[in-house]
Amino acid sequence: MNFSQIEIPAAVIEFFSKHREHMRDVENGNAFIEKTCGMGDFFESTEQLAQCKAVISKRESRVEEPDRREYGDFQTNRNLALESVRYILSKRGQRDCDLLIEPSCGTGNFILAALCELPTLRRIIGLEIYKPYVWETKFKILAHLLQYERWIEIEILHANAFDFDFEKLSQETRHLKTGVIGNPPWVTNAELGTMDSDNLPPKSNFKKHSGLDAMTGKGNFDIGEYITLTMLRNFSTHSGYFGFLIKNSVVKNLVFDQRRNRFRIGRMEKLNIDAKKEFNTSVDACLFLSALNREPELSCRELDFYTGREQTVFGWTGDHFVYAIADYKRAKDIEGKSPFTWRQGIKHDCAKVMELESCNGHFKNGLNRKLEIEPDLVYGLLKSADLKEREAGSYRKRTIITQRKIGQETSYIKRDYPLTYRYLKSNKHYFDKRKSIIYKGKPEFSIFGVGDYSFMPYKVAISGLYKSTHFTLVRPENDKPIMLDDTCYFIGFADLKQAQIALYLLNHKRTQQFLQSIVFPDSKRPITKEVLMRIDLEKCHRSSDYRLLQREWGIKRVSWEAFGKRLISKVEIEQAASP
């Protein structure tokens, strides 16, 4: 351990200098520190004690910043830690707490804040995987305890929260009023895996996803979520409170899964913070707070951390998970099952080769190379950023469509489109680099998100990436359908009038109110297929007036009524097919 990299407070340097006689060996040194302030097993070895004494004698105090990314390391500044602890205590209405647990204590600012605000603390247990932080925390706490002449049983352990025996700790401390606080890592298991990090939980699909969901991303999870669930499984039956700084997505998942998990937590609050200001990172994050050992609750208040202004109450209402419970109750008559199946756009994971631009009668690819290929397999392409208006009037990109359905053989390209085949074959190494398992064992140059629906001439589409719930009409170009990429969702129509009616119903005020009550705007992908499949267009149609459509697009009653009959027919077909 290189103590020259650790920040050692002046009070600690003075303490060691003043009591050199007690620091002659590790046994005496540890015993004296524990007797003075309660911190047991301060040094692990004689070598550590010797190195520390040598550094202190030189009064060195230098910190080198580690790789923050590997540890999901966004250290809580002292002011935020103090304000967070104060808010937690203000919600409890009292300051009694016997046991404080922090499963990833970093440089110790949360523990120091608790020491300042909790006079009844009897025991503190902090875990930290990065050893320099363990020592920085120890020295900070020692300086605090020396200043205030306070004795508390404290363990700051160089340990991994993934394999620590929290179940045993929970059983031993069940009688104590417990506070679980902290700032677990803001990083996913997949991100850590790409760095060959040791800071990983055991290999498992801990949320029990199966099949395609597990293969295409739902098996990926946030490390902070893993630690949060571990702590709640073990300590939700303790009397006390829980307060973590975590990503907003973790809180959403926690409240969603609470219907199944039924942790004994209540009075849940999500206080949004400015992560750019506090941590200099562009992440949607919050202070999540709940009371322990209460009847399980299924909703959570969302507030602004700095002003305390309530923004919404989200969670379960009946059998539905929504972003704004009050707004949902006013718009829930739209809730149901979509008569149409919403589709995601084309996925190819090879943009440099597959996506093209027109350039002086030629095509230019993402490698900035001009090429000549047959135009038959080249289609206009719209992305999320192109779906801003009621109608998409133009597109920036084109794409090569190699299949008309998933798994179709692509050998026909060599026979029918030799220029296109030669181009694709010359860039085959880009296709071979695609990492997704969905391409494994498929024909060469395979794509996904393709089917008969992709070639419908008229589409009503929406971006999956933005907070907007606005829908756009997509028309064909010279009788050739326009494609959408996999950041978009759409339904397709053979008839323009039917597409216009669907667009009108989806952009209708009541439909928009419903969507805005169920869409979580800070999600990485706010709009999903699951969200869109909840829009019952037959209910929208039944309670809407077609006369606006008649004035704007000349839609006649016969077309309006025909669309309604189609909606009813599709609903009846789907119900008949259900087991």
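Rules used throughout
- Once a new chain begins, its residue numbering starts again from 1 and follows that chain's sequence as written.
- Per-residue local features of the predicted model are confined to residues with pLDDT of at least 70, and side-chain atom pairs are confined, for both listing and counting, to 80 or more; whole-chain, interface and lining totals are unaffected and use all residues.
- Side-chain metrics rest on all non-hydrogen atoms present in the structure, leaving aside hydrogens and water.
- Salt bridge, as used here: a side-chain nitrogen of Lys or Arg that lies within 4 Å of a carboxyl oxygen of Asp or Glu.
- Starting at the N terminus, helices and strands are each numbered in turn, a helix being any DSSP run of H or I of at least four residues and a strand any DSSP run of E of at least two.
- For every residue, the accessible area obtained with a 1.4 Å probe (protein chains only) is divided by the maximum for its type, and the residue is called buried under 20%, exposed over 50%, and partly exposed between those limits.
- Aromatic rings from Phe, Tyr and Trp, taking only the six-membered ring of Trp, are treated as a pair when their centres fall within 6.5 Å; an angle between ring planes under 30 degrees marks them as stacked, one over 60 as edge-to-face, and anything in between as tilted.
- For a ring to carry a charge above it, either NZ of a lysine or CZ of an arginine must fall within 6 Å of the ring centroid while also lying within 35 degrees of the normal to the ring plane.
- Angular values range over 0 to 180 degrees, each being the angle between N-to-C directions of two axes fitted as lines to C-alpha atoms, with helices fitted over their stretch in contact.
- When an angle is under 35 degrees it counts as roughly parallel; over 145 it counts as roughly antiparallel; between 65 and 115 it counts as roughly perpendicular; any other value is oblique.
- A crossing counts as left-handed when the near helix is turned anticlockwise from the far one by less than a right angle, and as right-handed when that turn is clockwise.
- We call two residues in contact whenever any of their non-hydrogen atoms come within 4.5 Å of each other.
- As used in this record, nonpolar core signifies buried Ala, Val, Leu, Ile, Met, Phe, Trp, Tyr and Cys residues forming a set joined through side-chain atoms within 4.5 Å.
- One bridge is not enough; two strands pair if DSSP finds at least two bridges between them.

1. Considering the pattern of salt bridges
- Under the criterion given, the structure shown has 33 salt bridges.
- The residue R260 makes a salt bridge to D257 at a minimum N-O spacing of 3.8 Å. You can see R260 and its partner D257 sitting in helix α11 (residues 248-261), 3 residues apart, about one turn around the helix.
- Of the residues examined, D257 reaches a relative accessible area of 7% and is grouped as buried.
- Taking the shortest distance from any N to any O, the salt bridge between D349 and K347 comes out at 3.2 Å.
- Residue K347 is classed as partly exposed on the basis of its relative accessible area of 24%.
- One salt-bridge network, in which partners are shared between bridges, spans E83, R86 and E117.

2. Comments concerning the packing of aromatic side chains
- Per the stated rule, a full pass over the model turns up 37 aromatic pairs.
- Measuring from ring centre to ring centre gives 6.1 Å for F16 and F43, while their planes differ by 80 degrees; the resulting arrangement is edge-to-face. With F16 in helix α1 (residues 10-18) and F43 in the loop between α2 (26-37) and α3 (46-58), this residue pair connects regions lying 27 residues apart in the sequence.
- For F43, a relative accessible area of 3% translates into the label buried.
- Joined through ring pairs, the aromatic side chains of F3, F15, F16, F32, F42, F43, W135 and F139 make up one cluster.
- Directly above the ring of F42 sits K138, whose terminal nitrogen or CZ lies 5.2 Å from the centroid.
- Above the plane of the ring of F490 lies K459, whose end atom (NZ or CZ) is 5.7 Å from the centre.

3. So, the packing of helix α10 (residues 223-235) against α11
- At a closest axis distance of 11 Å, the pairing of α10 and α11 adopts a crossing angle of 40 degrees. Classed by the angle they form, the pair α10 and α11 counts as oblique. The handedness of the crossing between α10 and α11 is right-handed. Between α10 and α11, the residues in contact are E225, T228, L229 and L232 and V250, N253, L254, D257 and N261, respectively.

4. Considerations on the nonpolar core
- Ranked by internal contacts, the top residues of the largest apolar core, which has 61 residues, are F16, I33, M39 and F139.
- The element contributing the most residues to this core is helix α6 (residues 131-148), with 7 residues.

5. Quick word on the sheet that holds strand β3 (residues 153-158)
- Strand order in the open sheet formed by 10 strands is β3-β2-β1-β4-β5-β7-β6-β8-β9-β10, and the pairing between neighbours is mixed. The two strands at the open ends of the sheet, each matched to only one other strand, are β3 and β10 (320-322). Neighbour to neighbour, the strand axes of the sheet diverge by 15 degrees on average, direction disregarded.
- Bridge count for strand β6 (residues 265-273) against strand β7 (residues 285-292) is 7 bridges, and the pairing is antiparallel. Across the sheet, the residue bridging to L271 is L287, located in β7.
- Packing of helix α5 (residues 109-117) onto the sheet brings it into contact with β1 (99-102), β2 (123-128), β3, β4 (178-182) and β5 (240-247), and relative to β1 it is tilted by some 165 degrees.
- Sitting on the sheet, α6 is in contact with β2 and β3, with an inclination near 165 degrees to β3.

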